[in-house]
Amino acid sequence: MKIFISADIEGVTTTTLWDECDDSKPSYAPHAKQMTEEVLACITGAQKAGAKEFLVRDAHASGTYIDHTRMPSGVSLLRNWSGHPYSMAEGVDKSFDAAMFIGYHSPAGRAGNPLSHTISGRPQTIKINGILTSEFLLYSWACALEGVPTVFLSGDKTLCEDFRDLHPMLITCPVKDGIGGATINYAVKDTLKSIEELAEKALSQDLTTALAKLPSSFEVEIDYKAHASAQKASWFPGVALKNDTTVTLQTGSFFEVLRALKWII
């Protein structure tokens, strides 16, 4: 099996504060290490299920948080950004058997993680067909565009509960919970063990029915925190200003949704 893994940091076991996710701050290092450890736990579990080849997408900030020297044989790491609309799922293609997501977090406008956001800090909310939209939804659907089923997700408890039915064979692994600006962080030894065990379980399933069917059309609504952001976004082709802070986009192509978001978020 060939597996695609996308990893973020705001949803790993240890993070609570923005400074812990910023490599310009001295407090970030142990959390980048934890991000690496959770990716390794996922790889180990996947290997136990028979996976032989991996591409890991370092999908946070500069895209250079995962320790490349820790990756085992058979694992390639995609770092930094090319500008491709797949963004946090860049590198996925039809050659992969399954996709797995590590360290993901609740979307902008949703409680459950003090670091909840979607792509950037500009949107108050992003909705697609009325669904409050997370980065997990966006980039697991990008995998589905390539015919690659998403089978595993780790992150905060709220994200795991909200999106556990997004994909037919998805197995989720909550590693922490959020209450307002606070977090309840589970024991690292426990979460690493759970990630490994559940990653193996996810890939041991019969994946013939694991691929999600995407909607036939997409209505995107973005409510920005600043009215100036909405005004600027309204000049993008196909985007219309709904009110002072909100724009909409309607399309039959999810790739067009991802392409627009690269420019207006």
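To start, this report covers the structure provided alongside it. Treat the numbers as computed from the prediction; the structure is a model and nothing was measured. (Residues numbered from 1 in each chain as written. Predicted model: local features only at pLDDT ≥ 70, side-chain atom pairs only at ≥ 80, totals over all residues. Heavy atoms only, no water.)

Most of strand β7 (residues 150–156) sits inside the fold, with 7 of its 7 residues counted as buried. Looking at chain direction, strand β4 (residues 98–104) and β7 are connected through 4 bridges and run parallel. In the strand pairing of β7, Tyr104 is matched with Gly155. As paired elements, β7 and strand β8 (residues 171–179) share 5 bridges and run parallel to each other. The partner of Asp156 across the bridge, within β8, is Lys176. For the handedness criterion, the β-α-β arrangement of β7, helix α3 (residues 157–162) and β8 is classed as right-handed. (Buried < 20%, exposed > 50% of the residue type's maximum accessible area, 1.4 Å probe, protein only. Helix = DSSP H or I, 4+ residues; strand = E, 2+ residues; numbered from the N terminus. Pairing = 2+ DSSP bridges. Right-handed = clockwise from strand over helix to strand, strands pointing away.)

Let us look at the sheet that holds strand β5 (residues 123–128). Read from one edge to the other, the open sheet built from 5 strands follows the order β6-β5-β10-β12-β11, with strand pairing classed as antiparallel. The open sheet is flanked by β6 (131–132) and β11 (239–243), the only strands paired with a single partner. Those strands touched by helix α6 (residues 254–264) are β5, β10 (218–224), β11 and β12 (246–251), and its axis lies near 15° from that of β10. (Contact = heavy atoms within 4.5 Å. Axes fitted to C-alpha atoms, helices over the stretch in contact; angles between N-to-C directions.)

Per the stated rule, a full pass over the model turns up 8 salt bridges. Of the charged contacts, one joins Lys33 and Glu37 as a salt bridge, the two residues approaching to 3.5 Å between their closest N and O atoms. Here the residue Lys33 and the residue Glu37 both occupy positions in helix α1 (residues 29–48), the gap between them amounting to 4 residues, near one helical turn. Accessibility expressed as a relative area gives 52% for Lys33, which makes it exposed. Across the pair Asp162 and Arg110 runs a salt bridge, and its minimum N-O distance is 2.7 Å. Placement of the pair is Asp162 in helix α3 and Arg110 in the loop between β4 and β5, with a sequence separation of 52 residues. The partly exposed category is assigned to Asp162, whose relative accessible area is 36%. The class of Arg110 is partly exposed, set by a relative accessible area of 34%. Linked through salt bridges whose partners overlap, the residues forming this network are Lys33, Glu37 and Arg70. (Salt bridge = Lys/Arg side-chain N within 4 Å of Asp/Glu carboxyl O.)

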